Amino acid sequence: MSSLPVLVLNSGSSSIKFSAYEAGAGEREKLFEGAVDGIGTDLGKFWMKDAAGRKLLDQTRSLPNRAVAFKLVADALHSSSFPSPAAIGHRMVSGGPTVLENQLITPDLIDEMERYTAFAPLHTPIAVYIMREALRLFPDVPNFVCLDSYFHRTMPEVVSHMPIPEEYSAMGVRRFGAHGISYESIVYQLQSNVPERLIVAHLGNGASISAIRGGWCLDTSMGLTPTGGLISGTRTGDIDPGVLLFILHKIAATTTNATEAADALETVVSKRSGLLGVSGLSNDMRDLREAIAAGNAKARLAVDKFVWTIRKWIGGLVAELGGVDMLVFTGGIGENDIDSRAEICAGLGALGIELDRERNNVRGAATISAEGSRVTVRVIPPAEDLMIVNHVVRLMGK
Ligand code: ADP
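What you see is a predicted model, and the numbers here were worked out from it, not measured in a lab. (Residues numbered from 1 in each chain as written. Predicted model: local features only at pLDDT ≥ 70, side-chain atom pairs only at ≥ 80, totals over all residues. Heavy atoms only, no water.)

Novice: Looking at this model, I keep getting lost on the side chain of Ser 273. Mind explaining?
Specialist: Mapped onto the fold, Ser 273 is located in the loop between helix H8 (258–271) and helix H9 (274–279). A polar contact is formed between the side chain of Ser 273 and the backbone oxygen of Val 268, at a distance of 2.6 Å. The residues touching Ser 273, leaving out its near neighbours within four places in the chain, are Gly 233, Thr 234, Arg 235, Thr 236 and Val 268. (Helix = DSSP H or I, 4+ residues; strand = E, 2+ residues; numbered from the N terminus. Polar contact = N/O pair within 3.5 Å; in protein donor to acceptor, adjacent residues only side chain to side chain. Contact = heavy atoms within 4.5 Å.)

Next up, the structure:
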């Protein structure tokens, strides 16, 4: 195969990340990466770096909406000296129950995935917008969708099925999981060292944890949407459904419009809860650590709850896997927050998990378990874009 420039577009609720790789037979060479961040604000950031990390662009811009944000990206790509893409890969959290495979994007496919916006309400609107724009702006370039839910397709039915009436299951309501491309990229990076029983904790602004047996997903903490599972920066994670009803009744006292009420509930559970809700301060772990150091009790409680749910999930996943051989931390917190890793692993000696204090004192890739620890504990940054490039190359070859 000759070399193929592949562009990767990865959008979050308020950001668009992009990168380009030159993909040869077994080779993947990064050409550049960049992002627009802070969509919906006057102080958005727009940057681009080459493969050597040299800044090509670094601007503060008003980014009132995603259209302005994506136009900046498209203009920069069109005017850059880099080769124009031969293919584009898009990250998508969930394509709903009917779009489960990574594949070529057509206008019909985008419509189909958009029908299930409720399955990833913070992510789908911007992702489908960017897909439509990419088809319009790069009409001769094949675009491919890479789904987070793809990695979780191997979860057994007992794990993915929801305990709800059949009529809702028939509408596609079940556990799909998220962060799948990150998990896939950890398995990919471990290559032949993938252990039989692996637990990976992806701890970023959104947080989740998965049990992986022999390289295949067995269970994951997120559910129908990324709001389920672990406590995240601004999301509740799993919560007594009675709490949702309580809040909904409170909201219903202020509006008779059911859609408005549903949107208000969505805002509470997805944008105002989690670390932000409990601390009343911030969803950012760095801010919380600073506040804890200054004696802030609510910040302490928020982080304690975060750690507590992760520990409970680790216990549950070990039970499911029948033991564990390796625990991997990834994501912004997993890679950088030394204290979170120490607090999560404290007292898990009975499960064979023992950290080495000195080794844990790092940011970035490392083995951090103690010499005699039965379980190897590692920090591995995710390589989601690389994984998307791999899928695109495979799909181009079909
Ligand atoms: P996203 O889910 O948006 O991709 P990231 O994976 O970038 O999020 O993770 C963001 C989280 O990582 C934030 O809570 C941030 O505070 C945390 N983080 C990043 N760097 C550090 C650091 N040096 N120490 C502690 N936490 C960090």
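Novice: Please clarify how the pairing of strand S6 (residues 87–92) should be interpreted in this entry.
Specialist: Each regular strand displays side chains that alternate between the two surfaces of the sheet. Burial analysis of S6 places 6 of its 6 residues in the buried class, which makes it a mostly covered element. Side chains Ala 87, Gly 89 and Arg 91 project from S6 onto one buried face, and the interleaved Ile 88, His 90 and Met 92 project onto a second face that is buried too. Strand direction decides the pairing type here: strand S1 (residues 4–11) and S6, joined by 4 bridges, are parallel. Within S6, the position partnered with Leu 9 by the bridge is His 90. Relative to strand S8 (residues 143–147), S6 runs parallel, the two sharing 5 bridges. Of the residues in S8, the one forming a bridge with Gly 89 is Phe 144. (Buried < 20%, exposed > 50% of the residue type's maximum accessible area, 1.4 Å probe, protein only. Pairing = 2+ DSSP bridges.)

Novice: What is the right way to read the sheet that holds strand S13 (residues 366–367) from this model?
Specialist: Whenever strands of a sheet pair, they do so through backbone hydrogen bonds, lying parallel or antiparallel. The strand order across the open sheet formed by 6 strands is S11-S10-S9-S12-S14-S13, and the pairing between neighbours is mixed. Looking at strand neighbours, the two that pair on one side only are strand S11 (216–220) and S13, the edges of this open sheet. Summarising the sheet, strand S9 (residues 197–203) and strand S10 (residues 207–213) pair through 7 bridges and their orientation is antiparallel. Residue pairing across strands places Arg 197 opposite Arg 213, the latter belonging to S10. Sheet contacts for helix H11 (residues 297–321): S9, S10, S11 and strand S12 (326–330); angle to S10, the most-contacted strand, approximately 15°. (Axes fitted to C-alpha atoms, helices over the stretch in contact; angles between N-to-C directions.)

Novice: Just to check I follow, could you spell out the nonpolar core for this structure?
Specialist: Here is a general trend for soluble globular proteins: nonpolar side chains tend to be buried in one another's company. Ranked by size, the top nonpolar core spans 36 residues in total, and within it Ile 199, Leu 203, Ile 209, Phe 306, Ile 314, Leu 327 and Phe 329 carry the most contacts. Elements with a contribution of two residues or more to this core: S9, S10, helix H10 (285–293), H11, S12, helix H13 (338–345) and strand S14 (376–379). It is H11 that provides the largest number of residues to this core, a total of 11 residues. The contacts of Leu 203, once residues within four sequence positions are left out, are Ser 208, Leu 230, Phe 306, Ile 310, Phe 329, Thr 330, Gly 331, Gly 332, Ile 333, Gly 334 and Ile 344. (Core = buried A, V, L, I, M, F, W, Y, C linked by side-chain atoms within 4.5 Å.)

Novice: Help me out: how do you make sense of the site of the ligand in this one?
Specialist: Neighbouring the ligand are 14 residues; Asn 205, Asp 284, Met 285, Arg 286 and Gly 332 lie closest to it. In this structure, an oxygen atom belonging to the ligand sits 3.0 Å away from a main-chain N or O atom of Met 285. In the environment of the ligand, a nitrogen atom lies 3.4 Å from a nitrogen or oxygen atom belonging to the side chain of Arg 363. Surface burial for the ligand is 73%, taken as the share of its 590 Å² of free accessible area covered by protein chains. Among the elements that take part in the shell around the ligand, helix H12 (residues 331–336) stands out by supplying 4 residues, more than any other. Of the residues contributing to the shell around the ligand, the split by class is 2 nonpolar, 7 polar and 5 charged. (Near = heavy atom within 4 Å. Areas by Shrake-Rupley, 256 points an atom, 1.4 Å probe, with all protein chains shown as cover. Nonpolar A, V, L, I, M, F, W, Y, C, P; charged D, E, K, R; others polar.)

Novice: What's the story with the pairing of S12 in this structure? I'm lost.
Specialist: In terms of burial, S12 is largely enclosed, as 5 of its 5 residues are buried. Burial of S12 is two-sided: the residues Met 326, Val 328 and Thr 330 facing one way and the residues Leu 327 and Phe 329 facing the other way are all buried. Summarising the sheet, S9 and S12 pair through 5 bridges and their orientation is parallel. Bridge pairing links Ala 201 to Phe 329 in S12.

Novice: Where do I start with unusual backbone geometry in this structure?
Specialist: Most peptide bonds take the trans form, and the phi angle of most residues other than glycine is negative. Of note in the backbone geometry, His 179 takes a positive phi value of approximately 60° without being a glycine. When its relative accessible area of 9% is taken as the criterion, His 179 is described as buried. Although it is not a glycine, Gln 191 sits at a positive phi angle of roughly 45°. Looking at the element boundaries, Gln 191 is found in the loop between helix H6 (180–190) and S9. Judged by relative accessible area, Gln 191 falls into the exposed class, the value being 57%.

Novice: What exactly am I supposed to notice about the sheet that holds S8 here?
Specialist: Read from one edge of the open sheet, 8 strands run S5-S4-S3-S2-S1-S6-S8-S7, paired in mixed fashion. Because the sheet does not close on itself, it has two edges, and the strands there are strand S5 (55–63) and strand S7 (103–104). Pairing of strand S2 (residues 15–23) with strand S3 (residues 28–37), which is carried by 9 bridges, proceeds in the antiparallel orientation. Residue pairing across strands places Ala 20 opposite Phe 32, the latter belonging to S3.

Novice: Would you mind showing me how to read the side chain of Asp 337 here?
Specialist: As for its placement among the helices and strands, Asp 337 is situated in the loop between H12 and H13. Residue classification places Asp 337 among the buried positions, given a relative accessible area of 11%. Among the polar contacts listed, one links the side chain of Asp 337 to the side chain of Arg 289, at a separation of 3.0 Å. Separated by 2.5 Å, the side chains of Asp 337 and Ser 340 make a polar contact. The contacts of Asp 337, once residues within four sequence positions are left out, are Met 285, Arg 289 and Gly 332.

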